[in-house]
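Results of the structural survey
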Amino acid sequence: MRRCQREATGNLTGARSANFVTGFRIRRQRISPIEIYQQLLRAYGPQHWWPADTPFEMMVGAILTQNTSWTQVEAAITQLKRADLLDAKAMLACPTDQLEMMIRSTGFFRQKALRLQSFCHFYLCHGGIDALQKRPDDALRALLLAEKGVGPETADSIMLYAFGRAIFVVDAYTRRIFSRLGLVSDAISYARLQSLFHTQLEHDPALFNEYHALIVFHAKHHCRTKPDCLACPLQEACPAAVVNKAPAPSPCG
Ligand code: SF4
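So, a few notes on the structure that sits alongside this text.

The rules behind each value
Residues numbered from 1 in each chain as written. Predicted model: local features only at pLDDT ≥ 70, side-chain atom pairs only at ≥ 80, totals over all residues. Core = buried A, V, L, I, M, F, W, Y, C linked by C-beta atoms within 7 Å. Buried ≥ 20, exposed ≤ 12 C-beta atoms within 10 Å, placed from the backbone. Domains from an automatic or database assignment. Contact = placed C-beta atoms within 7 Å. Helix = DSSP H or I, 4+ residues; strand = E, 2+ residues; numbered from the N terminus. Arc of directions from axis to C-beta. Axes fitted to C-alpha atoms, helices over the stretch in contact; angles between N-to-C directions. Left-handed = near helix turned anticlockwise from the far one by under 90°. Nonpolar A, V, L, I, M, F, W, Y, C, P; charged D, E, K, R; others polar. Parallel < 35°, antiparallel > 145°, perpendicular 65-115°, else oblique. Near = placed C-beta within 6 Å.

A look at the nonpolar core
In terms of nonpolar packing, the biggest core is built from 62 residues, with Met59, Leu116, Ile158 and Leu181 touching the most fellow members. Of the domains in this structure, domain 1 (18–48 + 169–237) and domain 2 (55–162) are the two that each give at least three residues to this core. Each residue touching Leu116, except ones within four places of it in the same chain, is listed here: Val60, Ile63, Met91 and Leu99.

And the structure:
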């Protein structure tokens, strides 16, 4: 599996233009989405997403990763691989309680086992990867969204990483980072945040693939709930950067 530079309409907040670094106000210029991408790529390098051997394995991973960490999903995928269940027909034929045991590490395993089997049914009924791949973006996305348990983030992950469509994946990390960078409000909707990327970036699946992966890496390593701004590659451009310098020694000792 693997610019246009139009202004996004109405979905950008007025970026804050200043930052505090221990009492010093520093002027910041708003950074563009493509500049953010370039800086993250320079800092972290290619992320080689999505980590899956086949499009079907990718789709299974996208469903399993809901409300859990990727480490837990990897454990489940390993179990499914060992049991030769990373195949829609085999997974559908597997007794649900056995499937539940194999994906137990991912949490909500009863619900996820049912959703996986429902997804297998959907996948087979629509002719599998080759037939689904022939559908245009809007029709394919609508089909995915009609599946129980497939919301916009999961549908768009599948669109991008399994079908190679130029659809930007938005998640809580994207909202956190881009609101801290002053480009959007932290209450922006999924659709409006997605439109920021769709209007300001070239519609290139490879770019969208790498960009989302870099956002996830950045959110895990620097822009966490409590951010680690000191060595952040975006710190110079970030209005929300918190850089605590050591206090100057007191002249009185
Ligand atoms: S400077 Fe801090 S708040 Fe801004 S993007 Fe980097 S880690 Fe996040």
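A word on helix H11 (residues 190–200)
Because each turn of an α-helix spans 3.6 residues, side chains separated by three or four positions end up pointing in the same direction. Every buried residue belonging to H11 is among Leu193, Gln194, Leu196 and Phe197, and all of these are buried. Around the axis of H11, the buried residues are gathered within 140° of arc, so they sit on the same side. Those residues of H11 hidden inside the fold are in contact with helix H1 (33–44) and helix H10 (172–180).

What to know about the packing of helix H2 (residues 55–64) against helix H6 (residues 109–125)
For any two helices packed against each other, one specifies the inter-axial angle together with the distance between the axes. Contact geometry for H2 and H6: axes closest at 10 Å, N-to-C directions at 145°. As H2 packs across H6, the resulting crossing turns out to be right-handed. Mapping the contact onto sequence places Met59, Val60, Ile63 and Leu64 in H2 and Lys112, Arg115, Leu116 and Phe119 in H6. Per-class residue counts for the contact of H2 with H6 are six nonpolar, no polar and two charged.

Thoughts on the packing of H10 against helix H12 (residues 205–221)
Where H10 meets H12, the axes come as close as 9 Å, and the angle between the chain directions of the two elements is 70°. Classified by the angle between their axes, H10 and H12 sit roughly perpendicular to one another. Taken together, the residues of H12 that come into contact with H10 (itself represented by Tyr173, Thr174, Arg176 and Ile177) are Ile215, Val216, His218 and Ala219.

Re the site of the ligand
The environment of the ligand is formed by 13 residues, the closest being Cys223, Cys229, Cys232, Cys238 and Ala241. A class-by-class count of the residues in the shell around the ligand yields ten nonpolar, two polar and one charged.

Regarding the environment of Ala83
Looking at the secondary structure, you find Ala83 in the loop between helix H3 (70–82) and helix H4 (88–93). C-alpha of Ala83 to C-alpha of Leu99: the two residues are 16 residues apart in sequence and 9.9 Å apart in space.

Details of H10
All of the buried residues in H10 are Thr174, Ile177, Phe178 and Arg180. Buried positions in H10, seen along its axis, are confined to an arc of 160° and lie on one side of it. Buried residues along H10 sit against H11 and H12. Gly182 lies just past H10 and shows a positive phi near 85°.

Quick look at the environment of Asp53
When you line up the elements, Asp53 lands in the loop between H1 and H2. Residue Asp53 is classed as exposed on the basis of its 11 C-beta neighbours within 10 Å. Distance from Asp53 to Leu86, taken between C-alpha atoms, is 10.0 Å for residues 33 residues apart in sequence.

Section: unusual backbone geometry
A cis amide bond, omega -10°, links Trp49 with the succeeding residue Trp50. Among the secondary structure elements, Trp50 is positioned in the loop between H1 and H2. Located in the positive-phi region is His48, a residue other than glycine, with phi close to 55°. Residue His48 is classed as exposed on the basis of its 10 C-beta neighbours within 10 Å. Not every positive phi belongs to a glycine, and Asn67 is a case in point at roughly 60°. By the secondary structure assignment, Asn67 is in the loop between H2 and H3.

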